[in-house]
Amino acid sequence: MSIVIENVSKSFGSFQALKNINLKIETGELVALLGPSGSGKTTLLRIIAGLEDPDEGVIHFENKEVTHLHTAKRKVGYVFQHYALFKHMTVFENIAYGLKVLPKKKRPSKQEIEEKVTKLLQLIKLEAFRDRYPSQLSGGQKQRVALARALAVEPKLLLLDEPFGALDAKVRKELRRWLRQLHENFQITSIFVTHDQEEALDVANRIVVMNEGKIEQIGTPQDVYENPKTPFVYNFLGNVNIFEGHLQNGKLIHGSVAFAVPNANKNKTGSAYGYVRPHELVLSRESDSSQSLEATIVHVHHIGRTVNIELKRNDNGQLIEAEITREEFDSLNVQIGDSVFVTPVNMHIFQNKKTGAESL
Amino acid sequence: MKKQITSEPFIVRISLTFIALAFLTLFLILPLIAIFVKAFDQGLDVYIASITEPDALSAIKLTLLVVSITVPLNTLFGIFAAWLIAKFNFKGKSVLTTIIDIPFSISPVIAGLIFVLLFGAQSSLGQWLIDHNMKIIFAVPGIVLATLFVTFPFVARELIPVMQMQGKSEEEASLSLGASGLKTFFYVTLPNIKWGLLYGVILCSARAIGEFGAVSVVSGHIRGLTNTMTLHIEILYNEYQFTAAFAVASLMSILAIITLIIKNVIEYRDGGSRA
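Now for a quick tour of the structure.

Quick notes on the rules
- Residues numbered from 1 in each chain as written.
- Chains lettered and ligands numbered in written order.
- Predicted model: local features only at pLDDT ≥ 70, side-chain atom pairs only at ≥ 80, totals over all residues.
- Helix = DSSP H or I, 4+ residues; strand = E, 2+ residues; numbered from the N terminus.
- Buried ≥ 20, exposed ≤ 12 C-beta atoms within 10 Å, placed from the backbone.
- Contact = placed C-beta atoms within 7 Å.
- Nonpolar A, V, L, I, M, F, W, Y, C, P; charged D, E, K, R; others polar.
- Core = buried A, V, L, I, M, F, W, Y, C linked by C-beta atoms within 7 Å.
- Pairing = 2+ DSSP bridges.

### Some remarks on the overall build of chain A
Scanning chain A from terminus to terminus reveals nine helices and 20 strands. Viewed in the frame of its principal axes, chain A has a C-alpha envelope of about 80 × 45 × 35 Å. The buried share of chain A, reckoned over its 360 residues, is 38%. Partitioning the intrachain contacts of chain A with sequence separation of at least 6 by distance along the chain shows that 64% fall at a separation of at least 24.

The structure is reproduced here in structure tokens:
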């Protein structure tokens with residue numbers, strides 16, 4: 001089911017949670033709403049589900065306007081952040097609930113319900129737990145029951161609020177894979193909310209980055225990671241080093257250093273910020289022209305094949321993060337306390353830290 | 001046995017236990033025993049005669065009638081008010097919360113007086129009622145109204161914290177699964193609040209049975225007509241019929257004990273089926 005969200009705004013008292021949101025989601029997509037807490041992502045999800053009424057704007061499912069349609073009539077599967085399983089019902093009863101409350105004419109027979117729930121229990125691999133109560137399940141199991149309960153009513157749209165938020169790292173990874181697979185098998189249009197960029201990059205086929213009630217950028221995971229449109233997206237997706245300076249002749253002048261800016265507009269001048277990812281920095285023993293900064297290694301952290309290095313600039317004490325491969329690190333042959341030269345190989349320029357008016 | 005970090009020396013434990021037990025015995029168990037001892041002072045025959053004489057029977061009937069009207073009404077109101085306060089945000093919410101507490105803070109005698117002033121012969125509303133041949137004060141409706149007022153907050157007060165703690169995500173889950181508001185209430189909300197509700201209903205019933213002050217003001221003490229059990233006991237006591245007074249009092253105590261036993265039985269049964 002495709003969804004169109006037009007000019008949606010929502011306030012809670014004096015706090016404006018959503019500011020004029022426009023978003024289109026195609027049938028079968030798996031979309032992540034990504035942002036820090038307070039960015040309005042959960043509010044947007046709740047408005048799509050009909051759990052919250054927008055102050056302004058319209059929402060369409062396919063060609064039908066649903067802006068003020070009651071939740072119960074939207075046929076949307078919603079998985080709550082803390083599962084919201086019915087405490088007084090068994091796993092079986094929880095999953096069967098959506099079928100049991102159907103109006104008499106549409107309600108499947110007892111046997112049909114039994115079959116369907118059994119099938120879902122197999123899908124979530126909890127057949128042996130059908131008579132347990134939610135309090136007897138682990139977090140990951142509860143999450144799967146919540147998913148099965150939402151799927152039982154065969155929704156055309158699946159909404160998940162921080163689906164893996166409260167789980168430990170290993171279970172989270174497992175469930176992530178499982179959700180991706182589920183989406184491939186059923187092709188239900190799905191939207192999930194997360195503050196974990198890795199989760200969004202890993203699971204979604206499109207990411208909507210939100211901040212302070214607005215959409216910052218929409219794109220594929222690769223797109224938002226490699227071509228962030230705003231400083232916020234740059235900061236939020238992955239680590240970044242920021243160099244403050246001013247533009248001149250297509251270069252970012254920064255103290256005694258002049259960084260070459262790829263594709264720069266030579267006519268732009270004024271103060272600007274250069275954004276560089278840790279892996280876009282090269283470390284060397286010797287100075288490489290005027291493009292290098294001198295810095296001292298303060299911390300080295302190995303993760304498998306990559307090495308994260310924390311450096312302190314010799315001129316102004318700013319901390320810099322660099323990420324290099326194991327081989328590069330070995331051939332560099334350095335240790336904590338050594339001075340090295342840092343050269344950015346790629347840089348993104350924003351003229352304003354907040355709005356991100358670009359110079360490119 | 002290993003010493004636990006939270007445990008106290010033996011002597012402290014023993015003396016604390018002793019103090020608690022002594023206190024319980026002195027203020028709760030002894031008075032209860034005294035009621036029954038006094039009630040059976042002059043033998044079983046007198047006891048039975050005291051509780052089966054017509055005035056006593058009509059007092060018992062009136063009390064049960066009042067309870068059977070006020071408790072269901074206040075239960076309905078309590079659920080509704082608690083639901084509003086716990087699950088919704090609206091203007092005047094704090095005002096409503098305060099209003100619910102008024103009967104707790106006002107003396108029952110004053111509560112009774114309010115109804116006399118409101119519906120009594122000296123008010124214009126009371127005059128209108130008299131003209132239309134409707135009796136509220138010094139009649140059963142007045143007693144019901146006064147009891148309703150006094151027992152108003154019990155269910156709501158018991159439910160509000162329970163509902164607030166549970167939040168509304170289970171209800172939202174139910175609605176998103178296609179259940180109507182009514183089905184959501186009966187399948188999800190009600191099972192979640194049943195212990196708080198039961199406790200509130202028990203407290204409300206106990207108070208409705210035992211209410212004296214407010215009822216005393218509006219009743220008019222007409223024997224066989226507007227005397228509840230508490231008022232009947234007072235009259236007997238004032239007439240130095242101690243045995244009869246305590247016989248009726250023992251009946252009220254039995255009612256109270258039975259409600260407590262019912263509560264425990266239900267709790268025990270349900271507790272077995274859930275972890």
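### Quick look at the environment of Thr 147 of chain B
All names here are of chain B. With respect to the element layout, Thr 147 can be found in helix H7 (residues 140-151). Spatially, the C-alpha atoms of Thr 147 and Glu 158 are 18 Å apart, while their sequence positions differ by eleven residues. Sequence-distant contacts of Thr 147, that is, excluding residues within four places in its chain, are made with Val 66, Thr 70, Ala 208, Glu 211 and Val 215.

### Some thoughts on the interface of chain B and chain A
With 17 residues of chain B at the contact, the number on the chain A side is 21 residues. Broken down by secondary-structure element, the contributors of at least two residues to the side of chain B that touches chain A are helix H9 (169-176) and helix H10 (181-210) of chain B. When the residues that make up the side of chain B that touches chain A are grouped by side-chain class, the tally is eight nonpolar, five polar and four charged.

### Comments concerning the nonpolar core
Among the nonpolar cores identified, the biggest contains 99 residues, and Ala 32, Leu 33, Ile 48, Ile 95, Leu 159, Val 208 and Val 342 of chain A are the most heavily contacted of them. Per element, the largest residue contribution to this core is seven residues, and it comes from helix H4 (residues 139-152) of chain A. Beyond its immediate sequence surroundings of up to four residues, Ala 32 of chain A is in contact with Phe 192, Thr 194, Ala 200, Val 203, Ala 204, Ile 207 and Val 208 of chain A. In terms of nonpolar packing, the next biggest core, distinct from the first, is built from 52 residues, Val 67, Val 116, Ile 160 and Leu 231 of chain B among them.

### Examining the sheet that holds strand S2 (residues 15-25) of chain A
Residue and element names in this part refer to chain A. With respect to topology, four strands assemble into an open sheet ordered S2-S1-S4-S5, the strand pairing being antiparallel. The two strands at the open ends of the sheet, each matched to only one other strand, are S2 and strand S5 (64-65). As judged from the five bridges shared by strand S1 (residues 3-12) and strand S4 (residues 56-61), these two strands associate in the antiparallel manner. Residue pairing across strands places Val 4 opposite His 60, the latter belonging to S4.

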